[in-house]
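Spelled out from the first residue to the last, the chains are:
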Amino acid sequence: MTNIGQTIIEGKGKRVYATENPDEAVVYYKDEAMAFHGLKRGRIIGKGEINNRICEYLFTLLQQQGVPNHFIRRIDDRSSLVKRVAIFPVVVKVRNIVAGSLARRTGYPEGTRLKNTVIEYCLKDTELDDPLVNQTHITAMDLATADEICRMEQISLRVNEILTGVLADINIELIDCKLEYGRFHGEVLLADEISPDTCRFWDASTHEPLDIDRFRHDMGDVEDAYREVLHRLTGYVFKSNEEGA
Ligand code: C5P
């Protein structure tokens, strides 16, 4: 039994609560969706439950493959127990195929396969549109040490390798993903979430997005896309609808 305490932080898709154990937190996944740094808001019915299950599946799999992460166990439909890490104020974006901000920034055509995996770092700062920074900015601004960045990069490449393989088996291409890390007793742990909210998943046959881009760009069938990813990954058929208490 985990007693839920005060809210530590609330983000676009999640609320994180303290527990009586200072080393643990509870993540509650919401149906709320946000895009373009909060300019577009809405709800994707069932998203919270689906993302909770996708994260349980992927974090467990990554743990089994030796990727250190924050996941402890799923508590119920929408909540999971995690290690309470201190999140680094930078995110890591891993890219295999050109899409989104990379296409906009460079003019490279969306859908082009990159000759090597691209790793980008962005500041977690919504007001500033999460600006791109490099490793020297991160160490100069004391956001993480050189060793910690090295570890984040190493883990990110491994995560990308594992996810690309797992998704290929279910006919999904991993276009890119956004990863977050935290410090936990001197160790760097993969944290936050890995879900259609934070990754670009394209159906490998049709190249249709099965992720938050459907919401961002009003493509329709958003709920179905989230359900499809969960079903292909785990075989679980999502039935319930509205966000519960
Ligand atoms: O927009 P951009 O191309 O930089 O996004 C790269 C990846 O990071 C995409 O999978 C996107 O869904 C994810 N992302 C995110 N949260 C943001 C911005 C991007 O999860 N605030």
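Not measured: the values here are computed from a predicted model. (Residues numbered from 1 in each chain as written. Predicted model: local features only at pLDDT ≥ 70, side-chain atom pairs only at ≥ 80, totals over all residues. Heavy atoms only, no water.)

**Student:** Please clarify how the packing of aromatic side chains should be interpreted in this entry.
**Tutor:** Each aromatic ring pair is specified by the distance between its two centres and by the angle formed by the two planes. Evaluation of the coordinates by the stated rule reveals one aromatic pair. An angle of 10° between the planes, with centres 6.4 Å apart, marks the rings of Phe59 and Phe71 as stacked. Remark: Phe71 occurs in strand E6 (residues 71-74) and Phe59 occurs in helix H1 (residues 47-64); sequence separation between them is 12 residues. There is no split in this pair, since Phe59 and Phe71 are both buried. The positively charged end of Lys40 is found above the aromatic ring belonging to Phe215, 5.0 Å away from the centroid. Across the ring face of Tyr236, the terminal group of Arg53 is positioned such that the distance to the ring centre comes to 4.0 Å. (Phe/Tyr/Trp six-rings, centres within 6.5 Å; stacked < 30°, edge-to-face > 60°. Helix = DSSP H or I, 4+ residues; strand = E, 2+ residues; numbered from the N terminus. Buried < 20%, exposed > 50% of the residue type's maximum accessible area, 1.4 Å probe, protein only. Lys NZ or Arg CZ within 6 Å of the ring centre and 35° of its normal.)

**Student:** What is the right way to look at the packing of H1 against helix H6 (residues 222-234) in this model?
**Tutor:** In helix packing, the relevant descriptors are the interaxial angle and the interaxial distance, both defined with respect to the helix axes. Across the interface, H1 lies against H6 with an axial gap of 10 Å and an inter-helix angle of 30°. As far as their axial angle goes, H6 and H1 are roughly parallel. Pair H1 / H6 crosses with left-handed handedness. Along the contact surface, H1 presents Lys47, Ile50, Asn51, Arg53, Ile54, Tyr57 and Leu58, while H6 presents Tyr226, Arg227, Val229, Leu230, Leu233 and Thr234. (Axes fitted to C-alpha atoms, helices over the stretch in contact; angles between N-to-C directions. Parallel < 35°, antiparallel > 145°, perpendicular 65-115°, else oblique. Left-handed = near helix turned anticlockwise from the far one by under 90°. Contact = heavy atoms within 4.5 Å.)

**Student:** Help me understand the site of the ligand, please; the structure alone is not making it clear to me.
**Tutor:** The ligand sits among 14 residues. The nearest are Lys93, Arg95, Ser101, Asp176 and Arg200. Lys93 is positioned such that a nitrogen or oxygen atom in its side chain is 2.7 Å from an oxygen atom of the ligand. A distance of 2.9 Å separates an oxygen atom of the ligand from a polar atom in the side chain of Arg200. Across the complex, the protein chains shield 88% of the 450 Å² of accessible surface that the ligand would expose by itself. Where the shell around the ligand is concerned, the elements lending two or more residues are strand E8 (86-97), helix H2 (100-106), strand E11 (172-184) and strand E13 (199-203). Counted by class, the shell around the ligand contains two nonpolar, three polar and nine charged residues. (Near = heavy atom within 4 Å. Polar contact = N/O pair within 3.5 Å; in protein donor to acceptor, adjacent residues only side chain to side chain. Areas by Shrake-Rupley, 256 points an atom, 1.4 Å probe, with all protein chains shown as cover. Nonpolar A, V, L, I, M, F, W, Y, C, P; charged D, E, K, R; others polar.)

**Student:** Teacher, can you tell me more about the sheet that holds strand E3 (residues 24-29) here?
**Tutor:** Hydrogen bonds between backbone groups are what pair the strands of a sheet, and the pairing can be parallel or antiparallel. One open sheet holds the five strands; their spatial order is E1-E2-E3-E7-E6, and the pairing between them is antiparallel. Both outer strands of the open sheet, strand E1 (4-10) and E6, are each paired with one neighbouring strand and no more. Recorded for the sheet is a direction-independent mean angle of 30° between the axes of neighbouring strands. Across five bridges, the pairing between E3 and strand E7 (residues 79-83) is antiparallel. In the sheet register, Tyr28 faces E7, and the bridge partner there is Ser79. Along the sheet, H1 contacts E3, E6 and E7; its crossing angle with E6, the most-contacted strand, is approximately 135°. (Pairing = 2+ DSSP bridges.)

Take it as geometry only, folks, not as evidence of what the structure does.
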